[in-house]
Amino acid sequence: MADRGTALAVYVPGGSVIHRLPAGLKLLALTAAGAAVLALGSPLSAGIAVAVSALGFAAARLGPRYAWRGVRPTWIFLLGIFAFQWWTADLSRAVGVVGSIIALVLAATLVSLTTRTTDMIDAIVWLLGPLRRVGVNPDRVALQLALGVRAVPLVAELAETARQAQYARGRRGSPRAFAVPLVVRALRRADAMSDALHARGLDD
């Protein structure tokens, strides 16, 4: 079961090969894969990226429900992006862009589920260590990046909660009934997170 002691604790303990990979290696792979997929943006590259992400979930011994939970709440945004890309470009572009986003969401969710937050921060600090010489604070950058990666499944969870509330009110066809509660919940969670960081002296 995932540790839900804190808002960002979505790590699922396990002994798979994905869990045992160094956090730094997973972050580097996520960054490189994201840059490559976004740069190419073709349906083929997006399909390959989605397939690789799916294999990653299988290797991590995380069932399809974990992957589905990461993608499902974003369908309304993906649908809007797909329609816009198809309208302004063509079908191939729309498939490539939406497929790339799905692949990145899956990859970020996989990293989040198989990597402890502390390990992630330590890895980023180590990777950015040489930049101290030019005035970069690796600890602050590490915290921001770790929060960014964790935000993917967190926003997905908030979206799913907003969707369930929308269905409970019998307003399935109303985008506003979904978007407004999602934004309110996201802002409240951001305020809570800000207060937590402030209490730990990390807001300067």
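Residues numbered from 1 in each chain as written. Predicted model: local features only at pLDDT ≥ 70, side-chain atom pairs only at ≥ 80, totals over all residues. Heavy atoms only, no water.

1. Some remarks on the overall build of the protein
Working step 1: A count of helices and strands for the protein gives nine helices and zero strands.
Working step 2: Tracing the protein from N to C terminus, the helices and strands come up as α-α-α-α-α-α-α-α-α.
Working step 3: Within the protein, the proportion of its 204 residues that are buried is 37%.
Working step 4: Once local pairs closer than 6 in sequence are excluded, the contacts in the protein between residues at least 24 apart make up 68%.
Working step 5: Accessible surface computed for the protein: about 11900 Å², of which carbon and sulfur atoms make up 66%. (Helix = DSSP H or I, 4+ residues; strand = E, 2+ residues; numbered from the N terminus. Buried < 20%, exposed > 50% of the residue type's maximum accessible area, 1.4 Å probe, protein only. Contact = heavy atoms within 4.5 Å. Areas by Shrake-Rupley, 256 points an atom, 1.4 Å probe, with all protein chains shown as cover.)

2. Remarks on the nonpolar core
Working step 1: F57, L62, Y66, L110 and L113 are the most contacted members of the largest nonpolar core, which has 14 residues in total.
Working step 2: Looking at this core, the elements with two or more residues in it are α4 (64–71) and α6 (91–114).
Working step 3: A per-element tally of this core places α6 first, with five residues. (Core = buried A, V, L, I, M, F, W, Y, C linked by side-chain atoms within 4.5 Å.)

3. A word on the environment of S53
Working step 1: By the secondary structure assignment, S53 is in helix α3 (residues 43–59).
Working step 2: Of the residues examined, S53 reaches a relative accessible area of 8% and is grouped as buried.
Working step 3: Along the chain, S53 and L110 lie 57 residues apart, while their C-alpha atoms are 7.7 Å from each other.
Working step 4: Beyond its immediate chain neighbours, meaning those up to four positions away, S53 contacts A103, L106, A107 and L110.
Working step 5: In this structure the side chain of S53 is engaged in a polar contact, spanning 3.4 Å, whose partner is the backbone oxygen of A103. (Polar contact = N/O pair within 3.5 Å; in protein donor to acceptor, adjacent residues only side chain to side chain.)

4. Things to note about the packing of aromatic side chains
Working step 1: Enumeration according to the criterion identifies one aromatic pair in this entry.
Working step 2: With a centroid separation of 5.7 Å and 70 degrees between ring planes, the pair formed by F82 and W86 is classed as edge-to-face. Taken as a pair, F82 and W86 lie in helix α5 (residues 75–88) at a separation of four residues, close to a single helical turn. (Phe/Tyr/Trp six-rings, centres within 6.5 Å; stacked < 30°, edge-to-face > 60°.)

5. What to know about α6
Working step 1: Taking 1.5 Å of rise per residue, the 24 residues of α6 would be expected to cover 34 Å, and the 34 Å separating its terminal C-alpha atoms lies within 8% of that figure.
Working step 2: Burial of α6 is extensive: 17 of the 24 residues sit out of reach of the surface.
Working step 3: Where α6 begins, the capping side chain belongs to D90, and its oxygen is found 3.2 Å from the backbone nitrogen of S92. (Expected span 1.5 Å × (residues − 1).)

The analysis is restricted to geometry; functional conclusions fall outside its scope.
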